[in-house]
Amino acid sequence: MPDLFIDGTWRGALDERTREIRCPADGSLVGVVDEAGGKDTVEAIAAARRAFDEGPWPSTPAADRGDLLLRVADLLVRDKDALARAESLDTGKRLVESEYDIDDIANCFRYFGRAASAETGRVVDTGTASVDSRVVYEPVGVCALITPWNYPLLQTAWKVAPALAAGNTFVLKPSELTPHTAVHLMRLLEEAGLPAGAANLVLGAGPEAGAPLADHPDVDLVSFTGGLHTGRRLMAAAAGTVKKVALELGGKNPDIVFADADFETAVDLALTAVFLHSGQVCSAGARLLVQDSLHDRFVDELVRRAELIRLGGPFDEQAQTGPLVSAAHRAKVEAYVERGVAEGAVLRCGGRRPEGLDEGFYYLPTVLDECTGDMSVVQDESFGPVLTVERFHDEADAVRLANDTIYGLAGAVFTTDGAKAQRVAARLRLGTVWINDYHPYVPQAEWGGFKQSGTGRELGPAGLAEYREAKHIWRNTDPSPQGWFA
């Protein structure tokens, strides 16, 4: 069955190109999908433009738009098993993680389904009795939604749900490596009753399928989650038409452990912070900052436990983490570790491929100790199962080290001193700060970064606001002449 969804019709690529999708865990063939080119994407943009300018979706009452999103949430729950399996086959991640993701995705649609009509505008007090002044919120228009391969459907939901809640139409371009759940979601939107043209899907690589999305004059907003360098190029391309841009560009996230932290909790969550999904998480706690007096004991125990982590494929119930997404990505991670050792970091564990898992793109959990802030291995994002360890002396030193990066997405503070935790959290230039925890989030709270971790926010009220424009309507209720030249 064709995989591109344009103007309410399923079709193949104009040039009939296709792409094989293989599971990163063992190289097995998952499927063959249609591969869009630039002409396909331009047609999808035109369909979204017509649907916004002439179709019913933007003027559909907000409550009805919300009801459709709630129906989609129910359909996601109905298809949870199939979606989780497809997500795991595309990404290689453990099935249990994908099952958690589908629950989160349904909750995201529920949140924005309820939020769709929560804020429709406000009355402005002008101090003049003859004036009715209101601010109303309207959809931005045609949205280009570009999503990554690490959490394919979750990141798609974070964009699709608020875009539709606000009344926009869109073109979705998921990662070419992990397309199957995006296809499934389009079928669910169709089943839920979304009008033709409101949702459009193009599959393929960024330089071909994605290129027209950033600079096309009929696109009003670009929302991208992915790497910093691609984000910079998209922002530059979008500048020509001065369209809205929302970027989530990853991070180099500090996990700060003070000497008075609960030891077991801090070790356990330091492992989870960096080795969940083999470190392929934008908020991964890849920088461990440990207070001097605790360093040796803490790192020794962390290394001991890291060496016990079992790797395996999606359906290995004993596995605790899985493979990297591709051979090319694993090669980048390997080069990153080699560079770190060359810079003077001490390899405490990992740093190589595991034995007995030759068919997939596996890499052992790796700890690099005795790192310093001037090392590129500390500053650059590996996006793999690699932890760098730095020492700090006191509270001020911890804050200085944590903020010494171009990124500002997320991080954590571990201490039993509540006042100290709040002081440090307040001084960290990060979009999310966990205290004595790592990784949890809820769709009600904003997600995004400071500095070069991106612009704008996803989730929460601000996530919905990204897809809205504020319009001021001033109505003079006194028909008598009032102008300067009356």
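Here's what I pulled together on the structure shown here. Quantities reported herein were computed from a predicted structural model and do not represent experimental measurements.

Turning our eyes to something else, we now look at helix H8 (residues 228-239). Taking 1.5 Å as the rise per residue, H8 with 12 residues should run 16 Å; its terminal C-alpha atoms sit 17 Å apart, in good agreement. Among the residues of H8, those classed as buried are Leu 228, Gly 231, Leu 234 and Ala 238. Summarising the axial view, the buried residues of H8 lie within an arc of 120 degrees, below the 170-degree limit, and thus occupy one face. In H8, the exposed positions angled more than 90 degrees off the buried face are occupied by His 229, Arg 233 and Ala 236. Looking at the buried residues of H8, the elements they touch are strand E7 (142-146), helix H7 (206-215), strand E10 (221-225) and strand E11 (244-248).

Tallied over the full model, the rule gives nine aromatic pairs. Note on Trp 158 and Tyr 441: the rings are 5.3 Å apart at their centroids and 65 degrees apart in plane angle, and the pair reads as edge-to-face. With Trp 158 in helix H5 (residues 152-165) and Tyr 441 in the loop between strand E18 (432-435) and strand E19 (454-455), this residue pair connects regions lying 283 residues apart in the sequence. Ring centres of Trp 158 and Trp 447 lie 6.1 Å apart, and the angle between their planes is 65 degrees; on these two criteria the pair is classed as edge-to-face. Highlighted residues: Trp 158 in helix H5 and Trp 447 in the loop between E18 and E19, separated in sequence by 289 residues. Clustering of aromatic rings is evident, with ring pairs tying together Trp 158, Trp 434, Tyr 438, Tyr 441 and Trp 447. Sitting above the plane of the Phe 263 ring, Arg 297 keeps its charged end 3.7 Å from the centroid.

Moving on: the sheet that holds strand E14 (residues 346-349). Strands in a sheet are paired, the pairing made by backbone hydrogen bonds, and the direction either parallel or antiparallel. Taking strand neighbours across the sheet as the criterion, the seven strands line up as E14-E15-E16-E13-E12-E17-E18 in an open arrangement whose pairing is mixed. Two strands lie at the open edges of the sheet, namely E14 and E18, each paired on one side alone. Pairwise comparison of adjacent strand axes, ignoring direction, gives a mean angle of 25 degrees for this sheet. By the bridge criterion, three bridges tie E14 to strand E15 (residues 366-369) in an arrangement that is antiparallel. Residue pairing in the sheet places Val 346 in a bridge with Asp 369 of E15. Seen against the sheet, helix H13 (residues 395-403) touches strand E12 (254-257), strand E13 (287-291) and strand E16 (386-392) and runs at an angle of roughly 145 degrees to E16. Of the strands in this sheet, E12, strand E17 (410-414) and E18 touch helix H14 (residues 418-427), which is tilted by about 165 degrees from E18.

An order of E5-E6-E20 is seen for the three strands of this open sheet, with the pairing classed as antiparallel. Where the open sheet ends on each side, the last strands, each with one partner, are strand E5 (121-124) and strand E20 (468-476). Geometrically, the sheet is characterised by an average inter-axis angle of 20 degrees between neighbouring strands, direction not taken into account. Alignment of E5 against strand E6 (residues 131-139), held across four bridges, turns out to be antiparallel. Counted as the bridge partner of Arg 122 is Val 135 from E6.

Three or more residues of H14 are buried, namely Lys 420, Ala 421, Val 424 and Ala 425. Axial view of H14: buried residues confined to an arc of 130 degrees, hence all on one face. Relative to its buried face, H14 has exposed residues pointing more than 90 degrees away, namely Gln 422 and Ala 426. For H14, the secondary structure elements touched by its buried residues are E12, H13, E17 and E18. The distance from a side-chain oxygen at the start of H14 to the backbone nitrogen of Ala 419 is 3.1 Å, and the residue carrying that oxygen is Asp 417.

The rules behind these values
Residues numbered from 1 in each chain as written. Predicted model: local features only at pLDDT ≥ 70, side-chain atom pairs only at ≥ 80, totals over all residues. Heavy atoms only, no water. Helix = DSSP H or I, 4+ residues; strand = E, 2+ residues; numbered from the N terminus. Expected span 1.5 Å × (residues − 1). Buried < 20%, exposed > 50% of the residue type's maximum accessible area, 1.4 Å probe, protein only. Arc of directions from axis to C-beta. Contact = heavy atoms within 4.5 Å. Phe/Tyr/Trp six-rings, centres within 6.5 Å; stacked < 30°, edge-to-face > 60°. Lys NZ or Arg CZ within 6 Å of the ring centre and 35° of its normal. Pairing = 2+ DSSP bridges. Axes fitted to C-alpha atoms, helices over the stretch in contact; angles between N-to-C directions. Polar contact = N/O pair within 3.5 Å; in protein donor to acceptor, adjacent residues only side chain to side chain.

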